[in-house]
Amino acid sequence: MATTVDGEHLEHPLVTDGFLENRRYQVELADTASRDHTLVCLPTGLGKTAVSLLVTARRLHDVGGKSLLLAPTKPLVQQHAEFYREALTVPDDEIVVFTGEVRPDDRAALFEDATVVIATPQVVENDLVGNRIDLTRVTHCTFDECHRATGDYAYNYIADRYHADAADPLVTAMSASPGDDEEGILQVCENLGLSEVAVMTEDDADVAEYTHDTDVDWKRIDLPEVVVEIRDGINEVVADRLDQLRELGVTNKSSPDLSERDIQGMQAELRKLMNNDQSEGYQGMSLLAEIRKLRTAVTYVETQSVESLRRYFERLKEAARSSGASKADQRLVSEPKIREAMRKAESYDDLHPKFRRTRMLLAETLGIENGERVIVFTESRDTAETLVDFLSDHFTTQKFVGQSDTDGSEGMTQTEQQETLERFRNGEFEVLVSTSVAEEGLDVPEVDLVLFYEPVPTAIRAIQRKGRTGRQAEGRVVVLLANDTRDEAYFWKARNDQKRMAKELDELKSVAGELSAELDQTGLDDYEDSEGDASGTATETAANGTSADDGQAGLDAFAGQDMTASESGDAEATEADAADDDDGESDGVVAKAGSDADDIEIVADQRELDSTIARDLSTRDGVETRLETLAVGDYVLSDRVAVERKTVSDFLDTLTGGDRSMFEQVGDAARNYARPVVVIEGGDLYGERNVHAKSINGALASLAVDFGASVLRTDDQDETADLLETIATREQDDGDRTVSVHGEKQAKTVAEQQEYVVASVAEVGPVTARSLLEQFGSVEAVMTATHDELLDVDGIGEVTAERIRSVVGGTYDP
């Protein structure tokens, strides 16, 4: 049933009477989006959500089923939920919110009964990987802020599953800024399976009457002499490291003003040297690591504050003092010019001049011009908190930051975020100081000024921030730029990108039909290629009885052979494990969520969702995945096989730091599963860090001999997923075994606890901790040992002894 557009408000059976204003451009966009999978591009503040809601109302009325709306942040999800409950005649309890705060089991039940689900993508991704929800009956899926659909972002996985699983799918993707260029926009379209592009710009007559000019101004600021000296001193070290890299022949750059592309180019050249096993490659990588750290330091002092630089230097010094510290960190903190920069930073007691300019601009807007609200955006949470303290002496000011803790800085809960925005809307305070969390789509009220404490280097983020003003009246945007700093480069890049993006959108609008044809053909070609490859391979195998590769027949036979060895002994161990298990599942067997009883099942730990392995497996034919909070293992593949996955970095951390968790985890797996497996993934195990080969071989030997674990190597996450599927298939299909999750982490013995305490002191490793305890006999004796007594212990040198005494005997200074 079509939406009625006569009169001042839109009319539809599922839309609340008198709620939605009749805006022709919104209706036109909804008409297009109702016909096919569509990218809707509309300037910030002009009602993209209303367009999606109209499409949802039409689909629910005409087709039935349920709707899924995805938004990248919890505050945005909550905002959409409030809007949908007001705008739709659907009962409020059928419009549900999914965030990480809702228990997984509760989400499964809520999804089944809901008509509209509004969720963060990570939660939906988790539920799909864990087979808790089914997209079959979802007839409309909206991806808000769809420009995020790049790389491994959850939108891409969800879109793939939605197109594959839904009986009658329709996708609407929304953004004010879908990409920096045509290639980026096309990539978003392909990732989300879109066929149409519907664009409205501020130049369209129907849109223009709802927008106002936004004046963009930039204020240039000179850095104080001391700050320039600190910056120049750091850059001199960068130039020195570049000289050394030029001698290695990997760059011709001499200026410290490097772009990220320059860095990546040098890194590629160094990798070539490393692949040829040339020592210059490893030497150059260490130099490049120094340059990256120094560029970060320059950014802090130039664009944020000297206080931010001090904190960064302190983190560098702590890293350099830690056990297993990189040579890059150690060289940096001992470099005379860096030590001089640290000294000047410590003695500098003034704020960055941007602080005073910010205060002046706010006084002008809120005082002289009688403005009501201002938003100040900054990249750094440290800077946001310092700004709030500084501005609160003159204005009513609140911060708005994300939920996670960062470098000791407290985040805000979802409730605190919602309350802060509501108070800002109600005029209870004048200034909102925000990090990037308020950039995208939040219903922040019309403001008189948007102040960029520093420019942002991407057009997308600049557009999102500017969209906070100029909706109901003329607005103003001010960007603070520190002269002769990275600020200028970021500003001009974003400015040029915005112009190019506007041009691309205009071009996309004019060739929407051609673009849609291109997108459709790309999808068909990809599908046909994959089908053709698969059928061709199958035909060749059937005809020849073997692969074209020599010896493959033998490998194929091995992959499918029956497993009979040692079955009786393993069965006894498994029965004992199952008898001890009490996880609520019958006989400890995890119930399958899939419909095909012949599918193999892989249980993944919730924490493994940081990788792509579980979601890769969940898309494979014949594989059902399930998510658990596993007490033992990262993956369970049968009643006797549990897998601990470690990246090369994780593995080496165990050898160079005080963390013995790998051995404890493998020990737990060995106690509870007959066939523990350790997968070491990625990288050059012997060349990634300066760790002696004997130490690495000793750890591998311990895993195999002391714990009875099979140690397997993979190159990357894709190869790990292939390996897990192969093992699970052999266990469940060939071995006729079921998946059983059991086991608990075993409490540390007194000796292990003592080793842990000593190992945590100044980050000495487990071997050193045992040496200390064997020498002194107790934790107390280790802590009271003198510097000279510590030096008598095997493996304790001057630096380690000094560090232990500093940690144990030093004055506490938070």
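Above this text sits the structure in question.
Here is a short report on the structure shown in this document.

Criteria and cut-off values
- Residues numbered from 1 in each chain as written.
- Predicted model: local features only at pLDDT ≥ 70, side-chain atom pairs only at ≥ 80, totals over all residues.
- Heavy atoms only, no water.
- Patch = residues over 30% accessible without salt bridge, like charges linked within 9 Å, V, L, I, M, F, W, Y side chains within 5 Å.
- Areas by Shrake-Rupley, 256 points an atom, 1.4 Å probe, with all protein chains shown as cover.
- Salt bridge = Lys/Arg side-chain N within 4 Å of Asp/Glu carboxyl O.
- Lys, Arg positive; Asp, Glu negative; His and termini not counted.
- Charge placed at Lys NZ, Arg CZ, Asp CG, Glu CD.
- Helix = DSSP H or I, 4+ residues; strand = E, 2+ residues; numbered from the N terminus.
- Buried < 20%, exposed > 50% of the residue type's maximum accessible area, 1.4 Å probe, protein only.
- Axes fitted to C-alpha atoms, helices over the stretch in contact; angles between N-to-C directions.
- Parallel < 35°, antiparallel > 145°, perpendicular 65-115°, else oblique.
- Left-handed = near helix turned anticlockwise from the far one by under 90°.
- Contact = heavy atoms within 4.5 Å.
- Nonpolar A, V, L, I, M, F, W, Y, C, P; charged D, E, K, R; others polar.
- Disulfide = S-S within 2.5 Å.
- Pairing = 2+ DSSP bridges.
- Phe/Tyr/Trp six-rings, centres within 6.5 Å; stacked < 30°, edge-to-face > 60°.
- Lys NZ or Arg CZ within 6 Å of the ring centre and 35° of its normal.
- Core = buried A, V, L, I, M, F, W, Y, C linked by side-chain atoms within 4.5 Å.
- Expected span 1.5 Å × (residues − 1).

Some points on a negative patch on the surface
There is a patch of like negative charges on the surface, built from D788, E789, D792, E798 and E802. Every element with two or more residues in the negative patch is listed here: helix 31 (787-791) and helix 32 (798-809). By relative accessible area, which is 46% here, E798 ends up partly exposed.

Focus: the packing of helix 9 (residues 225-247) against helix 14 (residues 336-347)
The interhelical angle for the contact between helix 9 and helix 14, taken along N-to-C directions, is 165°, at an axis separation of 9 Å. Taken as axis vectors, helix 9 and helix 14 run roughly antiparallel relative to one another. Relative to helix 14, helix 9 is oriented so that their crossing is left-handed. Facing E229, I230, G233, I234, E236 and V237 of helix 9, the residues of helix 14 in contact are K337, I338, A341, K344 and A345. Along the lines of polarity and charge, the residues of the contact of helix 9 with helix 14 split into six nonpolar, one polar and four charged.

With respect to the state of the cysteines
Tallied over the entire structure, the rule returns zero disulfides. C146 takes part in no disulfide bond, and the closest cysteine sulfur, belonging to C41, lies 6.7 Å away.

A word on the sheet that holds strand 6 (residues 171-175)
Reading across the sheet, the seven strands line up as 3-4-2-5-6-1-7 and stay open at both edges, with parallel pairing between neighbours. A single partner strand is all that each edge strand has here, and the edge strands are strand 3 (95-98) and strand 7 (196-199). Between one strand axis and the next, the sheet turns through 15° on average, direction left out of account. In terms of strand pairing, strand 1 (residues 38-41) meets strand 7 through four bridges, oriented parallel. Residue pairing across strands places C41 opposite V199, the latter belonging to strand 7. This element, helix 6 (residues 154-165), spans strand 2 (66-70), strand 5 (138-144) and strand 6 of the sheet and lies at about 165° to strand 5.

Observations concerning the environment of D487
Tracing the chain through its elements places D487 in helix 19 (residues 486-510). Here the alpha-carbon distance between D487 and E302, two residues 185 residues apart in the chain, equals 8.1 Å. Once residues within four sequence positions are removed from consideration, D487 is found in contact with T303, K354, E454, P455, L480, L481 and A482.

Some details on the packing of aromatic side chains
If you walk through the whole model with that rule in mind, you get eleven aromatic pairs. Taking the centre distance of 5.1 Å and the plane angle of 25° together, the rings of F424 and F429 count as stacked. Each of the two residues, F424 as well as F429, counts as buried. A network of ring pairs unites the aromatic residues F19, F83 and Y84 as a single cluster. Over the ring of F111 we find K66; its NZ or CZ atom is 4.7 Å from the centre of that ring.

Some words on the sheet that holds strand 14 (residues 600-605)
Read from one edge of the open sheet, six strands run 15-14-16-17-18-19, paired in mixed fashion. In this open sheet, the two edge strands, each paired with only one partner strand, are strand 15 (623-628) and strand 19 (710-714). Sheet topology places strand 16 (residues 635-636) next to strand 17 (residues 641-647); two bridges connect them, and they run antiparallel. Residue pairing in the sheet places Y635 in a bridge with V643 of strand 17. Where helix 27 (residues 717-734) meets the sheet, its contacts fall on strand 14, strand 15, strand 16, strand 17, strand 18 (675-681) and strand 19, and the angle it forms with strand 14 comes to roughly 130°.

As for the environment of I291
Summarising the element assignment, I291 is placed in helix 11 (residues 279-304). Note on I291: relative accessible area 0%, which makes it buried. Considered as a pair, I291 and L258 are 33 residues apart in the sequence and their alpha carbons are 9.6 Å apart. With near-sequence residues (within four places) excluded, I291 lies in contact with V238, R241, L242, L245, L258 and I263.

So, the pattern of salt bridges
Applying the stated criterion to the full structure yields 41 salt bridges. Ionic pairing is found between D152 and R615, a salt bridge with its closest N-O pair at 3.8 Å. With D152 in the loop between strand 5 and helix 6 and R615 in helix 23 (residues 613-618), this pair connects stretches of sequence that are 463 residues apart. On the accessibility criterion, D152 (57% relative accessible area) is exposed. Under the relative-accessibility criterion, R615 is labelled buried at 12%. Of the charged contacts in the structure, one is a salt bridge between E428 and R423, with a shortest N-O distance of 3.2 Å.

Points about the pairing of strand 1
Alternating residues of strand 1 divide into T38 and V40 and L39 and C41, and every residue in both groups is buried. Where strand 1 lies against strand 6, four bridges are found, and the strand directions are parallel. When the bridges of strand 6 are listed, L39 appears paired with A173.

Let's talk about the nonpolar core
If you look at the biggest cluster of nonpolar residues, it comprises 57 residues, and the most contacted ones within it are L39, L70, F143, L192 and L637. Sort the elements by how many residues they give to this core and helix 6 lands first, with six residues. Non-local contacts of L637, meaning those with residues more than four positions away in its chain, are made with E601, I602, V643, L724, I727, A728, E731, Q732 and V739. The next biggest cluster of nonpolar side chains, apart from the first, holds 36 residues, and it includes V227, I263, M266 and V306.

A few points about helix 6
For helix 6, with twelve residues, the first-to-last C-alpha span of 16 Å sits near the 16 Å given by 1.5 Å per residue. The complete set of buried residues in helix 6 reads A154, Y155, N156, Y157, I158, A159, R161 and Y162. The inward-facing, buried residues of helix 6 contact strand 2, helix 5 (121-129), strand 5, strand 6, helix 7 (182-192) and helix 23.

Re the environment of S52
Structurally, the position occupied by S52 is in helix 2 (residues 48-62). On the basis of relative accessibility, which here comes to 0%, the residue S52 falls in the buried class. Taking the C-alpha atoms as reference points, S52 and M174, separated by 122 residues in sequence, lie 8.1 Å from one another. For S52, the contacting residues outside a window of four places in its chain are Y84, H140, T142 and M174.

What to know about unusual backbone geometry
You will see that N370, though not glycine, has its phi angle at about 55°, which is positive. You will see that D484, though not glycine, has its phi angle at about 60°, which is positive. Its location among the elements puts D484 in the loop between strand 13 (475-482) and helix 19. For D484, a relative accessible area of 57% gives the class exposed.

Some details on the pairing of strand 11 (residues 431-434)
Going residue by residue along strand 11, you find V431 and V433 tucked away on one face and L432 and S434 tucked away on the opposite face as well. Taken together, the four bridges between strand 9 (residues 374-377) and strand 11 define a ladder with parallel strand orientation. Each residue of the ladder has a partner; that of I375, found in strand 11, is L432. Note that strand 10 (residues 397-400) and strand 11 share four bridges and pair parallel. The residue of strand 11 that forms the bridge with T397 is V431.

These values are about where atoms sit, not about what they do.
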